[in-house]
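# Fold and contact review
Here are the chains, one letter per residue:
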Amino acid sequence: MSDGIQWLMDGNTGREPMVGVVFARGIDAHELAVRLGAPQGPGGDAMTDAEVCDLDVEAYRPGESGDGVVRVGEHAGWAFAIEYGHCESLSRLEEVSREGVEAVYYSYNPEHPPTIVLYARDGHSICGFGLGEERVRWGQEPDLLVPDLVAAQILTADGTALREDESDDDSDRERRALAVFEERFRLSLPQTVFTVARLPVHAVNGAPAADFDAVCTWAAANGHPVPDARLGLVPAGLRRTYVPPPPSGSSASGTGPRGRPSASSTPAGP
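Residues numbered from 1 in each chain as written. Predicted model: local features only at pLDDT ≥ 70, side-chain atom pairs only at ≥ 80, totals over all residues. Heavy atoms only, no water.

On the secondary structure map, Asp122 appears in the loop between β6 (116-121) and β7 (124-130). Among the residues examined, Asp122 registers a relative accessible area of 44% and is labelled partly exposed. Through-space distance from the C-alpha of Asp122 to that of Glu94 is 7.6 Å; in sequence the pair is 28 residues apart. Asp122 has contacts with Ser97, Arg98, Glu99, Gly100 and Val101, leaving out every residue within four places of it along the chain. (Helix = DSSP H or I, 4+ residues; strand = E, 2+ residues; numbered from the N terminus. Buried < 20%, exposed > 50% of the residue type's maximum accessible area, 1.4 Å probe, protein only. Contact = heavy atoms within 4.5 Å.)

This is the structure we're talking about:
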């Protein structure tokens, strides 16, 4: 338990500042991925954080779901899933927590809206709040953690307002609020998940790129590693190297349709 989760607030995960992590107690890491939207069966090969960040995850597509990928593991009695792209974990948290499972969602945001923490159990959202906005709470038992927040000198004794203390730094107050979740539910995540750890990867949202099969065929023919079909995503390095086939009806030899010389290959007249 030496790691805890407060270190996530430092934003030193080595990648984009917004980080989402789902914790689940009562199921294993693979089942957590499935409840977050992954298909049944094995996921992709284990990858580091840097390797997943190199995939062409298109998180936003107008009018449709973007790509979402999670890396999953288990630590300190909890399964965990780290989000990449458009994962929709918040809307799926109650599904994650069905059948007596406990689930916690942490989503870090350095700006506004604030970093949020939410606890669900047995298919229901129980309690949660935004760090720095603890007087506004959600869930079926929104006041469940009020005694802990009062003891941490975040809320006034009646739990209705933030405690005023000129010596308080905002970041310190937010860290104490996150510590309430960490300590109450005994949450911990090793910092190695963002450095050297290789973890199983699952696609939980989106669809393969339209040219995924063509890229795989080209990669195999040209001695490049073939992308994992279970994820349907192309590494950025391979995407840059990939040479798409010429458009239908043209060729690299300078001939036009039906083998006729193209304009660019026809000798100029005298």
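What follows covers unusual backbone geometry. The backbone phi angle of Glu99 is positive, close to 60°, even though this residue is not glycine. Of note, Glu99 is situated in the loop between α3 (89-96) and β5 (102-108). Positive phi outside glycine occurs at Arg186, with the angle close to 55°. The topology assignment puts Arg186 in the loop between α5 (170-185) and β9 (199-205).

Bringing α5 into the picture now. Between the first and last C-alpha of α5 there are 23 Å, a value that for 16 residues agrees with the 22 Å anticipated at 1.5 Å per step. Looking only at α5, the buried set comprises Arg173, Ala177, Leu178, Ala179, Val180, Phe181, Glu182 and Phe185. Directly beyond the C-terminal end of α5, a positive phi value near 55° is found at Arg186. (Expected span 1.5 Å × (residues − 1).)

Quick look at the side chain of His202 now. Within the secondary structure, His202 sits in strand β9. Accessibility expressed as a relative area gives 5% for His202, which makes it buried. Aside from chain neighbours lying at most four places away, what touches His202 is His30, Ala33, Ala38, Gly41, Pro42, Gly43, Gly68, Val69, Val70, Val72 and Leu231.

With that out of the way, let us pick up the pattern of salt bridges. One pass over the structure, following the stated rule, counts 16 salt bridges. Here Arg230 ties to Asp45 by a salt bridge, and the two come within 2.8 Å at their closest N and O atoms. Residue Arg230 is located in the loop between α6 (212-221) and α7 (236-241), and its partner Asp45 is located in strand β2 (residues 44-47); the two are separated by 185 residues in the primary sequence. The class of Arg230 is partly exposed, set by a relative accessible area of 39%. One salt bridge connects Arg137 with Asp143, and the closest N-O pair in it is separated by 2.9 Å. Asp143 sits in the partly exposed class, given a relative accessible area of 47%. (Salt bridge = Lys/Arg side-chain N within 4 Å of Asp/Glu carboxyl O.)

This next bit is on the environment of Ala59. Inspection of the secondary structure puts Ala59 in the loop between α2 (49-53) and β3 (68-75). On the basis of relative accessible area, Ala59 is assigned to the partly exposed category, the value being 37%. With 28 residues separating them in the primary sequence, Ala59 and Cys87 have C-alpha atoms 8.6 Å apart. The residues touching Ala59, leaving out its near neighbours within four places in the chain, are Gly66, Asp67, Gly85 and His86.

Another point: the sheet that holds β3. Strand order across the open sheet formed by nine strands is β2-β9-β3-β4-β1-β5-β6-β7-β8, with antiparallel pairing between neighbours. With one partner strand each, in any of the chains shown, β2 and β8 (133-138) form the two edges of the open sheet. Between one strand axis and the next, the sheet turns by 25° as a mean value, whatever way the strands run. Its contacts with the sheet put α3 on β1 (19-25), β4 (78-85), β5, β6, β7 and β9, and the angle it makes with β5 is roughly 170°. Against the sheet, α5 touches β1, β4, β5, β6, β7 and β8, its axis set at about 25° to β6. (Pairing = 2+ DSSP bridges. Axes fitted to C-alpha atoms, helices over the stretch in contact; angles between N-to-C directions.)

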